[in-house]
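Observations on the model geometry
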Amino acid sequence: QVQLVESGGGLVQPGGSLRLSCAASGFTFSNYDMKWVRQAPGKGPEWVSHITSGGTTRYADSVKGRFTISRDNAKNTLYLQMNSLKPEDTALYYCATSGGSYWGQGTQVTVSS
């Protein structure tokens with residue numbers, strides 16, 4: 001069956017870095033555009049970044065220059081490198097196929113001193 005499993009979240013101080021991973025299985029990962037979406041407590045979902053099957057990337061203005069999305073099709077894995085983290089980046093981070101057909105369970109990122 002289709003699975004997207006995020007990992008790499010945790011507690012980090014402001015200015016720190018984390019790398020999120022999303023392991024995909026049960027579908028042809030390399031054929032799909034992928035995205036990261038986050039949801040902060042008490043707020044709606046926020047699109048963070050997108051990568052096409054060919055590697056073209058886009059970012060929300062709030063993370064541009066700090067976050068980098070990438071993929072390794074040989075490993076069926078999506079990544080999100082997050083640098084210069086801010087308290088407002090605190091959220092549950094989800095990976096998903098771009099069209100929303102498949103979603104992971106989320107990984108918590110907390111930025112706090």
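So, here's what we can say about the structure. Just so you know, these numbers come straight off a predicted model, no measurement behind them.

Mapped onto the secondary structure, T97 falls in strand β9 (residues 91-97). Within polar-contact distance, the side chain of T97 engages the backbone nitrogen of S101 at 3.2 Å. Every residue in contact with T97, bar those within four places of it in the chain, is listed here: L4, F27, Y32, D33, M34, K35 and Y102.

Two faces belong to every sheet, and in a regular strand the side chains alternate between them. The side-chain alternation of strand β10 (residues 107-111) yields one buried face, formed by T107, V109 and V111, and one unburied face, formed by Q108 and T110. Judged from the three bridges that link them, strand β2 (residues 10-12) and β10 form a sheet pairing that is parallel. Opposite G10, over in β10, you have V109 as the bridge partner. Summarising the sheet, β9 and β10 pair through three bridges and their orientation is antiparallel. Across the sheet, A91 pairs through a bridge with V109, a residue of β10.

In the structure shown here, the tally under the stated rule is one disulfide. The side chain of C22 participates in a disulfide bridge whose partner is C95; the two sulfur atoms lie 1.9 Å from each other. With the S-S dihedral at roughly 55 degrees, the linkage between C22 and C95 falls on the right-handed side. A residue pair is termed long-range when its members are at least 10 positions apart, and C22 in strand β3 (residues 18-25) and C95 in strand β9 qualify at 73 residues. In terms of burial, C22 and C95 fall into one category: buried.

Our focus in this paragraph is the pattern of salt bridges. A side chain of one charge can pair with a side chain of the opposite charge when the charged atoms of the two come close. This structure, assessed with the given rule, holds four salt bridges. One salt bridge in this structure joins D89 and R38, with 2.9 Å as the shortest N-O distance. Placement of the pair is D89 in the loop between β8 (77-82) and β9 and R38 in strand β4 (residues 34-39), with a sequence separation of 51 residues. As far as the burial class goes, D89 and R38 line up, both buried. As a salt-bridge pair, R66 and D89 come within 2.7 Å of each other at their nearest N and O atoms. In this pair, R66 is assigned in the loop between β6 (57-59) and β7 (67-72) and D89 in the loop between β8 and β9, connecting sequence segments 23 residues apart. For the pair R66 and D89, a shared accessibility class is recorded, and that class is buried. What you see here is one network of salt bridges that share partners, running through R38, E46, R66 and D89.

Taken together, six strands build an open sheet; the order of strands is β2-β10-β9-β4-β5-β6 and the sheet is mixed. At either end of the open sheet lies a strand with only one pairing partner, and these are β2 and β6. Within this sheet the neighbouring strands show an average axis-to-axis angle of 25 degrees, counted without direction.

Here is what the cut-offs are and how they apply
For every chain, the first residue of the written sequence is number 1, and numbering continues from 1 onward in sequence order. In keeping with the model being predicted, local features are shown solely for residues with a pLDDT of at least 70 and side-chain atom pairs are shown and tallied solely at 80 or more, while totals for entire chains, interfaces and linings include all residues. For side-chain calculations, the full set of non-hydrogen atoms in the structure is used, while hydrogens and water are omitted. Here a strand is any run of E in DSSP of at least two residues, a helix any run of H or I of at least four, and the numbering for each starts at the N terminus. Polar contact is the term for a pair of N or O atoms within 3.5 Å; when the atoms are in protein, one must be able to donate a hydrogen and the other to accept it, and sequence-neighboring residues count only if both atoms are side-chain atoms. In what follows, a contact means two residues having at least one pair of non-hydrogen atoms within 4.5 Å. Partly exposed describes any residue whose relative accessible area lies between the buried limit of under 20% and the exposed limit of over 50%, with all areas from a 1.4 Å probe on protein chains only and scaled to the type maximum. By this definition, two strands are paired if DSSP reports at least two bridges between them. Note that a disulfide, as used here, is simply two cysteine sulfur atoms within 2.5 Å. Here, a salt bridge means any side-chain nitrogen of Lys or Arg that lies within 4 Å of a carboxyl oxygen of Asp or Glu. Here an axis means a line fitted to C-alpha atoms, over the contact stretch when the element is a helix, while the angle between two N-to-C directions is reported on a 0 to 180 degree scale.

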